[in-house]
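Below are the chains, spelled out letter by letter.
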Amino acid sequence: MAIPSIGLPVDLRDLHRNPLTEFKKWFSLFVKSGEDQPEAMTLATATLRGFPSARVVLYKGVSPAGFRIFTNLDSRKGRELRSNPRAALVFHSKKLNRQIRVEGIVRPMTRSAVAKYFQTRPRMSQLGAWASKQSSAIANRDALIHRLRHYEQLFSGKKVALPDHWGGFLLVPERLEFWIEGEFRLHDRFEYTRTLSKTGKPGPWTRVRLSP
């Protein structure tokens with residue numbers, strides 16, 4: 001008896017040899033499906049001692065260099081990404097019963113690339129990056145609003161500058177897994193892996209099917 005999967009492809013040959021190309025195809029399907037906030041992704045980091053933490057953030061694009069992550073550098077995830085530069089991402093579509101996992105090393109983005117993205121953010125989000133001492137204790141919400149009003153006045157009538165404490169990272173993938181829900185929990189799982197040289201040059205991708 002053949003065990004069908006919910007959605008296709010179900011054969012390794014149906015997936016593109018480049019997992020980033022396959023990722024873009026899947027993410028496009030997530031968007032077209034009407035999934036609520038398809039850009040929401042879970043970002044997992046860890047301290048230097050290996051204590052993990054995870055949170056949902058927004059997907060900001062991928063290039064051949066890696067997945068883009070922007071944050072306050074003094075936040076918990078910012079500190080962990082700098083001290084232990086490895087991370088993982090999870091994308092999930094309940095409507096399509098699909099999931100994508102990404103794991104790899106983390107590298108800082110150039111300040112020019114961060115500044116270019118920062119200027120595309122809504123102005124209030126730019127001001128919020130100045131007002132919020134992310135992950136630090138705060139007396140109350142009024143204190144946060146007071147800081148926001150301060151920076152509204154400071155940058156009144158001019159472009160909001162990029163804060164020194166706000167930056168970006170590239171998650172350079174070494175492993176991606178594409179998961180499709182199957183009946184009786186006999187899911188389809190496809191794994192891509194590669195290694196990076198000491199100079200950071202990526203090797204070729206290999207693909208295998210994993211047991212569910």
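Structure shown above.
First, a word on what this report is: a plain description of the structure on this page. (Residues numbered from 1 in each chain as written. Predicted model: local features only at pLDDT ≥ 70, side-chain atom pairs only at ≥ 80, totals over all residues. Heavy atoms only, no water.)

Some words on the overall build of the protein
Within the protein, the regular secondary structure consists of five helices and nine strands. Element order for the protein, N to C, with α for helix and β for strand: α-β-β-β-β-α-β-β-α-α-α-β-β-β. For the protein, the spread of C-alpha atoms along the principal axes amounts to about 70 × 40 × 30 Å. Scored against the burial criterion, the 212 residues of the protein give a buried share of 42%. Intrachain contacts of the protein at a sequence separation of at least 6 include 65% that bridge at least 24 residues. Per element, the accessible surface of the protein, about 12200 Å² overall, is 55% carbon and sulfur. Within the protein, one finds 37 positive and 18 negative side-chain charges whose respective centroids are separated by 7 Å. (Helix = DSSP H or I, 4+ residues; strand = E, 2+ residues; numbered from the N terminus. Buried < 20%, exposed > 50% of the residue type's maximum accessible area, 1.4 Å probe, protein only. Contact = heavy atoms within 4.5 Å. Areas by Shrake-Rupley, 256 points an atom, 1.4 Å probe, with all protein chains shown as cover. Lys, Arg positive; Asp, Glu negative; His and termini not counted. Charge placed at Lys NZ, Arg CZ, Asp CG, Glu CD.)

As for the nonpolar core
Ranked by size, the top nonpolar core spans 29 residues in total, and within it Phe23, Phe67 and Phe91 carry the most contacts. Residue assignment for this core shows that the elements contributing at least two residues are helix H1 (19-32), strand E1 (40-46), strand E4 (66-72), strand E5 (86-93), strand E6 (98-108), strand E7 (166-180) and strand E8 (188-193). Not counting the four nearest positions on each side in its chain, phenylalanine 23 is found in contact with Tyr59, Val62, Phe67, Phe91, Ile100 and Phe178. Core analysis: the second largest hydrophobic core is formed by 16 residues, Trp130, Ala131, Tyr151 and Leu162 among them. (Core = buried A, V, L, I, M, F, W, Y, C linked by side-chain atoms within 4.5 Å.)

Considering H1
When the terminal C-alpha atoms of H1 are compared, their 20 Å separation across 14 residues agrees well with the 20 Å that a helix rising 1.5 Å per residue should span. Among the residues making up H1, those that are buried are Pro19, Leu20, Glu22, Phe23, Trp26, Phe27 and Phe30. Projected down its long axis, H1 carries its buried residues within an arc of 150°, all on one side. The opening residue of H1, the one whose side-chain oxygen lies 2.9 Å from the backbone nitrogen of leucine 20, is asparagine 18. Positioned one or two residues after H1, glycine 34 has a phi angle of 85°, which is positive. (Expected span 1.5 Å × (residues − 1). Arc of directions from axis to C-beta. Polar contact = N/O pair within 3.5 Å; in protein donor to acceptor, adjacent residues only side chain to side chain.)

Regarding the packing of aromatic side chains
In total, this model carries 17 aromatic pairs according to the counting rule given. Each residue in the set Phe23, Phe27, Tyr59, Phe67 and Phe91 is aromatic and connected to the rest through ring pairs, giving one cluster. For the cation-ring pair, arginine 98 lies above tryptophan 26, with the distance from its terminal atom to the ring centre recorded as 4.4 Å. (Phe/Tyr/Trp six-rings, centres within 6.5 Å; stacked < 30°, edge-to-face > 60°. Lys NZ or Arg CZ within 6 Å of the ring centre and 35° of its normal.)

Points about the pattern of salt bridges
With the rule as written, the count across this model stands at 13 salt bridges. Between glutamate 103 and arginine 101 there is a salt bridge whose closest N-O contact spans 3.6 Å. Note that glutamate 152 is salt-bridged to arginine 149, the shortest N-O span being 2.7 Å. With glutamate 152 and arginine 149 both in helix H5 (residues 141-154) and three residues apart, the pair spans about one turn of that helix. Take glutamate 152: its relative accessible area is 26%, and that puts it in the partly exposed class. Three or more residues are tied together by salt bridges with common partners; here these are Arg101, Glu103, Arg175, Glu177, Arg189 and Glu191. (Salt bridge = Lys/Arg side-chain N within 4 Å of Asp/Glu carboxyl O.)

Quick look at the packing of helix H4 (residues 123-131) against H5
The contact between H4 and H5 brings their axes to 9 Å, and the two run at 120°. As H4 runs across H5, the sense of the crossing is right-handed. For the pair H4 and H5, contact is made by Met124, Leu127, Gly128, Trp130 and Ala131 and by Leu144, Arg147, Leu148, Tyr151 and Glu152, respectively. Per-class residue counts for the contact of H4 with H5 are seven nonpolar, one polar and two charged. (Axes fitted to C-alpha atoms, helices over the stretch in contact; angles between N-to-C directions. Left-handed = near helix turned anticlockwise from the far one by under 90°. Nonpolar A, V, L, I, M, F, W, Y, C, P; charged D, E, K, R; others polar.)

Here we look at helix H2 (residues 76-83)
Residues that lie three or four places apart on an α-helix share one face, since the helix turns once every 3.6 residues. Here H2 has its buried residues at Lys77, Gly78, Glu80 and Leu81. Buried residues of H2, seen end-on, are gathered within an arc of 170° and therefore sit on one face of the element. On the buried face of H2, the contacting elements are E1, strand E2 (52-58), E4, E5, E6 and E7.

Keep in mind these numbers describe shape, not what the thing actually does.
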